[in-house]
Amino acid sequence: MAESGLKDAMDVLQAWVDQYNARAGSKIVLASGGEAGGAQLRLKYTPAEGTISILHLVAVTSDGQPAILVSRFEGPTAETSVQAGLWASGQLGRRH
């Protein structure tokens, strides 16, 4: 089902995550994050106390064509979040 009236990719992702969580009733709840405009989107969950798993998606242009790069990160929450952020910044040509 296509969503109408949503502002950007972050809104679409959050709506999908909310619907998934409502239907799944899972003990491990998905969360999302990103930035305005949707250049970066994240799906994340906490498999255990102090641990995070992140699926990070970054929209880029490669050889003049749009592309979405995807990488998975898992480990201690603070270190893993920094690692994922540095990867995304690098993909977007931002300084680390």
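Criteria and cut-off values
Residues numbered from 1 in each chain as written. Predicted model: local features only at pLDDT ≥ 70, side-chain atom pairs only at ≥ 80, totals over all residues. Heavy atoms only, no water. Phe/Tyr/Trp six-rings, centres within 6.5 Å; stacked < 30°, edge-to-face > 60°. Helix = DSSP H or I, 4+ residues; strand = E, 2+ residues; numbered from the N terminus. Buried < 20%, exposed > 50% of the residue type's maximum accessible area, 1.4 Å probe, protein only. Pairing = 2+ DSSP bridges. Core = buried A, V, L, I, M, F, W, Y, C linked by side-chain atoms within 4.5 Å.

Participant: Talk me through the packing of aromatic side chains; I want residue IDs and the actual numbers.
Facilitator: The full count for this structure, using the stated rule, is two aromatic pairs. Where W16 meets Y20, the ring centres are 5.8 Å apart and the plane angle is 15 degrees; that geometry is what we call stacked. Of this pair, W16 and Y20 both sit in helix α1 (residues 9-24), four residues apart, which is roughly one turn of that helix. Judged by relative accessible area, W16 falls into the partly exposed class, the value being 44%. Its relative accessible area of 33% is what places Y20 among the partly exposed residues.

Participant: Any chance you could break down the pairing of strand β4 (residues 65-76) for me, citing the residues and the numbers?
Facilitator: Judged from the 12 bridges that link them, strand β3 (residues 51-62) and β4 form a sheet pairing that is antiparallel. Opposite S53, over in β4, you have E74 as the bridge partner. Remark: two residues form the turn of the hairpin made by β3 and β4, two consecutive strands paired antiparallel; D63 in that turn has positive phi of roughly 55 degrees.

Participant: An account of the nonpolar core is needed here, citing residue identities and associated values.
Facilitator: Judged by nonpolar contacts, I52, I54, V58, V60, F73, A84, W87 and A88 together constitute the single largest core of eight residues. Looking at this core, the elements that each hand over two or more residues are β3 and α2 (77-91). The dominant element in this core, judged by the number of residues it contributes, is β3, at four residues. If you look at the next biggest cluster of nonpolar residues, it comprises five residues, including L13, V17, L41 and L43.

None of this, on its own, says anything about what the molecule does.
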